[in-house]
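Residues per chain, in single letters:
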Amino acid sequence: MINKFKSLSSDLKVILLLMIAACILSVFFPWSKVMIAATVAVMSCIIAFIHGFKYYGVKNQIVFFLICWVVSNFFEGFSVAYGFPFGNYHYTLAGPRIWDVPIVIMPAYFGMGYFAWVLSLVINRQYEKKLSGIKTFLVPFTSALIMVMWDVVLDPTASTLNGNWIWEDGGTFFNIPISNFAGWFFVVYLFMQIFALYISKTDKKERDIKDYPSVFWYAAPLTYMMQGLTYVETSFVRKDNLEIWHYAGLISVFTLCFVAWIGFIMIHDHLKEINAK
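Residues numbered from 1 in each chain as written. Predicted model: local features only at pLDDT ≥ 70, side-chain atom pairs only at ≥ 80, totals over all residues. Heavy atoms only, no water.

Asks: I would appreciate a short explanation of the pattern of salt bridges in the present structure.
Replies: One side chain can pair with another of opposite charge once the charged atoms of both are near each other. Across all of its chains, the model carries one salt bridge by this definition. Arg125 is the partner of Glu273 in a salt bridge, and the nearest nitrogen-oxygen pair spans 3.9 Å. Highlighted residues: Glu273 in helix α10 (residues 256-276) and Arg125 in the loop between α5 (105-123) and α6 (135-161), separated in sequence by 148 residues. Judged by relative accessible area, which is 39%, Glu273 ranks as partly exposed. For Arg125, a relative accessible area of 34% corresponds to the partly exposed category. (Salt bridge = Lys/Arg side-chain N within 4 Å of Asp/Glu carboxyl O. Helix = DSSP H or I, 4+ residues; strand = E, 2+ residues; numbered from the N terminus. Buried < 20%, exposed > 50% of the residue type's maximum accessible area, 1.4 Å probe, protein only.)

Right under this line is the structure:
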């Protein structure tokens, strides 16, 4: 195992070490609020940049980041101001903001969004392939579904319990409006689809999956498994608001952990198939 770690390139070592640190923070300090959440968000963002630079190149990954930031921040701010597409809400998180949206929100969008994209590439068996045809639409569609899985687990604890944002009109799902999840799918699909159309035209890089160590691919499902297990572990630790914490732990098993497990299986089988040739 140590020899395998030493054989990795320096950037992949950084990815692996940051993910281990993020796992430790998430699992052992799941009840902490803004500082731990912000630290994990920033770590996810850094990991996503390093991973994307290696896969898509610096320019294309920066384009992904900018599309994600501009589209998500615009609709977040628009919804805070006018109630569309998520619903009427406002943030209580401290720190600098852009159009009433805390800056710390965007690294989380980008980090989790990028790895939803990579996990979607895995599920759609795109790995080293250039996006084309129906996959140009299936990959962003699947990515958006994966991101909504995260929000379905995240929102009841982050908003209803921790009060990081407040739904002014309430809602039928743990005081959250269903429009929030429809809005999430719309916004995430939009910025993923824009990137898909962009990368399908500009990505000229020839790839061989053997050029990437297995840890490179496992980073995406590991990110989502880490998020899911955080809620599972927290559901056993917390003694208050058990209805919501137990919901989050249970649903994360059948959403975040499940899609991550599918990713692990598909990557394992594909690498085994490639190495057997």
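Asks: Would you explain the packing of helix α8 (residues 214-237) against helix α9 (residues 242-254) in this entry?
Replies: When two helices pack together, their arrangement is given by the angle between the helix axes and the distance between those axes. Between α8 and α9, the least distance of the axes is 8 Å, while the angle of their chain directions is 145 degrees. In this structure, the crossing between α8 and α9 has a hand that is left-handed. Residue-level contacts link Gly228, Tyr231, Val232, Thr234 and Ser235 of α8 to Trp245, His246, Ala248, Gly249, Ser252 and Val253 of α9. Here the contact of α8 with α9 is built from residues that sort into five nonpolar, six polar and no charged. (Axes fitted to C-alpha atoms, helices over the stretch in contact; angles between N-to-C directions. Left-handed = near helix turned anticlockwise from the far one by under 90°. Contact = heavy atoms within 4.5 Å. Nonpolar A, V, L, I, M, F, W, Y, C, P; charged D, E, K, R; others polar.)

None of this, on its own, says anything about what the molecule does.
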